[in-house]
Amino acid sequence: MQYGYYIVLDFDGTVVKHRYPAVGEDIGAVPVLKKLIKNGHLLLLNTMRSRNSEGGDTLQPAIDWFADNDIPLFGINENPTQKEWTVSPKVYGNIYIDDGALGAPLKVDNSDAPPFIDWSVAAIYLMYHGCLTEQDVIELVQEGAINLEHIKKK
């Protein structure tokens, strides 16, 4: 298994449903993110949420969501280590998970929310990239955290 990946995460539509400026409902990211942390990977939040000059803050509720779910963030809208080797503002990571990315595994439900990341499929992708083990995926299925029924070939 490859250890120590920087995994860059969007927030809305990626770890929760789109409900901006509120924090959206759970979409199943928590158990997968916890496995990534357990496997030694570092999570970087990369979001359009921000603190504005009029005192509005849509960033803190996203940061709080991670803290409330016991998911540590290595960086928020930055990768702290990249300052050592570049001045580029683009957040450096090995893997980017974003509902707006081409090829992102998306799903919809019966709510009015736009499509969001399907963490059952994302977990399989993460296993193929060496971020999760086969045992991690088995445990996620056994815990009911992910469901592989909808991705099996017919």
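Note that the structure is a prediction, hence the values are computed from the model and not measured.

What counts, and at which threshold
Residues numbered from 1 in each chain as written. Predicted model: local features only at pLDDT ≥ 70, side-chain atom pairs only at ≥ 80, totals over all residues. Heavy atoms only, no water. Phe/Tyr/Trp six-rings, centres within 6.5 Å; stacked < 30°, edge-to-face > 60°. Helix = DSSP H or I, 4+ residues; strand = E, 2+ residues; numbered from the N terminus. Buried < 20%, exposed > 50% of the residue type's maximum accessible area, 1.4 Å probe, protein only. Axes fitted to C-alpha atoms, helices over the stretch in contact; angles between N-to-C directions. Parallel < 35°, antiparallel > 145°, perpendicular 65-115°, else oblique. Left-handed = near helix turned anticlockwise from the far one by under 90°. Contact = heavy atoms within 4.5 Å. Nonpolar A, V, L, I, M, F, W, Y, C, P; charged D, E, K, R; others polar. Pairing = 2+ DSSP bridges. Core = buried A, V, L, I, M, F, W, Y, C linked by side-chain atoms within 4.5 Å. Salt bridge = Lys/Arg side-chain N within 4 Å of Asp/Glu carboxyl O. Right-handed = clockwise from strand over helix to strand, strands pointing away.

Engineer: Report on the packing of aromatic side chains, specifying residues and quantitative values.
Structural biologist: In total, this model carries 6 aromatic pairs according to the counting rule given. Ring centres of Tyr 6 and Tyr 92 lie 5.9 Å apart, and the angle between their planes is 75 degrees; this geometry places the pair in the edge-to-face category. Placement of the pair is Tyr 6 in strand E1 (residues 6-9) and Tyr 92 in the loop between strand E3 (75-76) and strand E4 (95-97), with a sequence separation of 86 residues. Relative accessible area serves as the criterion here: at 30%, Tyr 92 is assigned to the partly exposed category. Residues Trp 65 and Phe 66 carry aromatic rings whose centres are separated by 4.9 Å and whose planes lie at 85 degrees to one another, so their mutual orientation is edge-to-face. For Trp 65, a relative accessible area of 11% gives the class buried.

Engineer: Describe the packing of helix H1 (residues 29-38) against helix H3 (residues 119-128), naming the residues involved and giving the relevant values.
Structural biologist: Across the interface, H1 lies against H3 with an axial gap of 9 Å and an inter-helix angle of 15 degrees. The orientation of H1 relative to H3 falls into the category roughly parallel. For the element pair H1 and H3, the recorded crossing hand is left-handed. Contacts between H1 and H3 involve Ala 29, Val 32, Leu 33 and Leu 36 from the first element and Trp 119, Ala 123 and Leu 126 from the second. Tallied by class, residues from the contact of H1 with H3 come to 7 nonpolar, no polar and no charged.

Engineer: Got a sec to walk through the sheet that holds strand E2 (residues 42-45)? Specific residues and values, please.
Structural biologist: Read across the sheet, 4 strands follow the order E3-E2-E1-E4 without closing on themselves; strand pairing throughout is parallel. Looking at which strands have only one partner, the edges of the open sheet turn out to be E3 and E4. Across 4 bridges, E1 lies against E2 in parallel orientation. Across the sheet, the residue bridging to Leu 9 is Leu 45, located in E2.

Engineer: So what's going on with the nonpolar core? Which residues, and what values?
Structural biologist: Core analysis: the biggest nonpolar cluster contains 35 residues, and Val 15, Leu 33 and Trp 119 have the highest contact counts within it. Elements that contribute at least two residues to this core include exactly E1, H1, E2, helix H2 (59-68), E4, strand E6 (116-117), H3 and helix H4 (134-142). Each residue touching Leu 33, except ones within four places of it in the same chain, is listed here: Leu 9, Val 15, Leu 43, Trp 65, Phe 66, Ile 71 and Trp 119.

Engineer: Let's hear about the pattern of salt bridges: which residues, and what values?
Structural biologist: Evaluation of the coordinates by the stated rule reveals 8 salt bridges. A salt bridge links Asp 109 to Lys 17; the nearest nitrogen and oxygen atoms lie 2.3 Å apart. A residue pair is termed long-range when its members are at least 10 positions apart, and Asp 109 in the loop between strand E5 (106-107) and E6 and Lys 17 in the loop between E1 and H1 qualify at 92 residues. Ionic contacts of the salt-bridge type, sharing partners, join the residues Arg 19, Glu 25 and Asp 112 into one network.

Engineer: Before we move on, can you summarise the pairing of E2 with the specific residues and values?
Structural biologist: Regarding the hand of the β-α-β motif, the stretch spanning E1, H1 and E2 is right-handed. Pairing analysis gives 2 bridges linking E2 to E3, with the strands arranged parallel. The residue of E3 that forms the bridge with Leu 45 is Ile 76.

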